[in-house]
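Structure at a glance
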Amino acid sequence: MHTILVTGAKGQLGTELIKIMTKGVCELGKMPEFYKNCRIVGIDIDDLDITDFEKTHEFIKSKKPYAVINCAAMTNVDGCESDMEMALKVNAIGPRNIAMACEEVGAKLIHISTDYVFSGCGKKPYVEMDIANPQSVYGHTKNLGEQYVRDFCSKWFIVRTSWLYGYNGNNFVKTMIKLGREKGSVKVVDDQRGNPTNAADLAWHICKLIPSSEYGIYHGTGNGECSWYEFACEIMKVFDIDAKVMPCTTAEFVRPAKRPSYSSLDNLMLRCTIGDDFRDWREALKVYAENLNF
C-alpha cells in the first residue's frame, strides 16, 4: 500500500486533497484506480514543523511515503514583508527539508507554488517557461522554495496556482459574501487581473499527476481571467447577494507588499501532458456556490 503525505493538511487545498483521495471521487469525476491502494496521511504544524531539518527527515523516513504533497506555506503576503525570517523558513527552507528527505527515501514531491514568482507586469498569461521575477518577499521566498525543490529532489512536480478558494478556511469568496451580506456594498480593485481557482479543480489535477512520471513545472488555475472587481461582481451574482460592488484602483489601497497587476497563468504544461480539465472560472464558482454551506 502506498502512503501519501499531505503537509498543510488543514488548509484549503490540503483539506480538499485528503477528502477526494479518501472518498475516491471529486467534482470533476472519479479518482484514478491508483488511490484504492493508498493510505493518506494529513499533517499540519501541530504534527510536524517542516522548518526543522532533523524532525522533517525523521518523520518522512519513518513514513517512507510514495509521495509528499507540500501545501504548507506562509501565504500572508503582507505578513511576509514584516517577517522575512519566518517567510524564508516556511516558504523556502521547509520545502528544502522536505525535498532532501524525499530524495533520501525515493519519494515523489509535489510542491505548491504561486503566480507571485512572476513580476506581475505581463501582457499575456505566463507559461511555465517564462522567467521568474518576484517583486515581494512572499514571491522571492516561494521562488527560492521552487529552486530548492529542483536542486534537492529528483522526482518533483512544482504546481503554481493563483486566487485559490476552497470549502475550508478563509478566502476572497467568503470575505465578499460576508461583506456583501453585512454591509451591502464593497470596494474592490479593478486593475489587478488573474485566474480564480477552485481548490477542487487543483486537487484533481494534482491527483492525476502523482501516479505519473510527468515531472516538471506546471501552472494550475481556473480557465479564463478577470479582475478582482469582476470576480467580486460574479460572486454577488451566483450567491444572490444584493450588494453594490464599486471598482477602485490599487493606488487607493496602500499595502506593505506589492501586488501583481497582471499575473494570469496559462496551463500549457497540463495541456501538453496529462490534460487540462480546469473548468472556466465562472462555472467552477457556480458549482462552489451550490455546494458551499456558509
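Report follows, based on the coordinates. (Residues numbered from 1 in each chain as written. Predicted model: local features only at pLDDT ≥ 70, side-chain atom pairs only at ≥ 80, totals over all residues. Heavy atoms only, no water.)

To continue, consider the overall build of the protein. Helices and strands together make up the secondary structure of the protein, namely 10 helices and 14 strands. Against the globule reference of 19 Å for 294 residues, the protein gives a C-alpha radius of gyration of 19 Å, in line with a compact fold. In terms of its C-alpha atoms, the protein occupies a principal-axis envelope of roughly 55 × 40 × 35 Å. Pairs at least 24 apart in sequence give 84% of the contacts found in the protein among residues at least 6 apart. (Helix = DSSP H or I, 4+ residues; strand = E, 2+ residues; numbered from the N terminus. Rg over C-alpha atoms; globule rule 2.2 N^0.38 Å. Contact = heavy atoms within 4.5 Å.)

The N-to-C vectors of helix α6 (residues 172-183) and helix α8 (residues 228-238) enclose an angle of 60 degrees; their axes lie 10 Å apart at closest approach. Our pair here, α6 against α8, has a crossing hand that is right-handed. Facing α6, whose interface residues are Phe172, Val173, Met176, Ile177 and Gly180, α8 presents Trp228, Phe231, Ala232, Ile235 and Met236. Residue classes in the contact of α6 with α8 are distributed as nine nonpolar, one polar and no charged. (Axes fitted to C-alpha atoms, helices over the stretch in contact; angles between N-to-C directions. Left-handed = near helix turned anticlockwise from the far one by under 90°. Nonpolar A, V, L, I, M, F, W, Y, C, P; charged D, E, K, R; others polar.)

On to α6. With 12 residues, α6 should cover 16 Å at 1.5 Å per step; its first-to-last C-alpha distance of 16 Å lies within 8% of that length. Among all positions in α6, only Val173, Lys174, Met176, Ile177 and Gly180 are buried. The arc enclosing the buried residues of α6, seen along the axis, measures out at 160 degrees, which places them on a common side. Looking at α6, the residues exposed on the side facing more than 90 degrees away from the buried face are Glu182 and Lys183. (Expected span 1.5 Å × (residues − 1). Buried < 20%, exposed > 50% of the residue type's maximum accessible area, 1.4 Å probe, protein only. Arc of directions from axis to C-beta.)

Looking now at helix α5 (residues 137-152). Compared with an ideal rise of 1.5 Å per residue, which puts 16 residues at 22 Å, α5 spans 22 Å between its outermost C-alpha atoms and is within 8% of the ideal. In this structure, the buried residues of α5 make contact with α3 (77-82), α4 (84-105), β6 (108-114) and β7 (156-161).

In the structure shown here, the tally under the stated rule is 17 salt bridges. The salt bridge involving Asp46 is made with Lys10; its shortest N-O contact spans 3.2 Å. In this pair, Asp46 is assigned in the loop between β4 (38-43) and α2 (53-63) and Lys10 in the loop between β1 (2-7) and α1 (12-23), connecting sequence segments 36 residues apart. Here Glu230 makes a salt bridge to Arg193, at a shortest N to O gap of 3.2 Å. With Glu230 in helix α8 and Arg193 in strand β10 (residues 193-194), this pair connects stretches of sequence that are 37 residues apart. Judged by its relative accessible area of 32%, Glu230 falls in the partly exposed class. Each member of the salt-bridge network shares a partner with another, and the members are Glu27, Asp201 and Arg279. (Salt bridge = Lys/Arg side-chain N within 4 Å of Asp/Glu carboxyl O.)

Taken as a whole, this structure holds 17 aromatic pairs when the rule is applied. Between the aromatic rings of Phe34 and Tyr66, the centroid separation amounts to 5.3 Å while the plane-to-plane angle is 50 degrees, which identifies the pairing as tilted. Of the two residues, Phe34 is situated in the loop between β3 (29-30) and β4 and Tyr66 in the loop between α2 and β5 (67-70); the sequence distance between them amounts to 32 residues. Accessibility expressed as a relative area gives 22% for Tyr66, which makes it partly exposed. The rings of Trp163, Tyr165, Tyr167, Phe172, Trp228, Phe231, Phe239, Trp281 and Tyr288 are connected pair by pair, giving a single aromatic cluster. (Phe/Tyr/Trp six-rings, centres within 6.5 Å; stacked < 30°, edge-to-face > 60°.)

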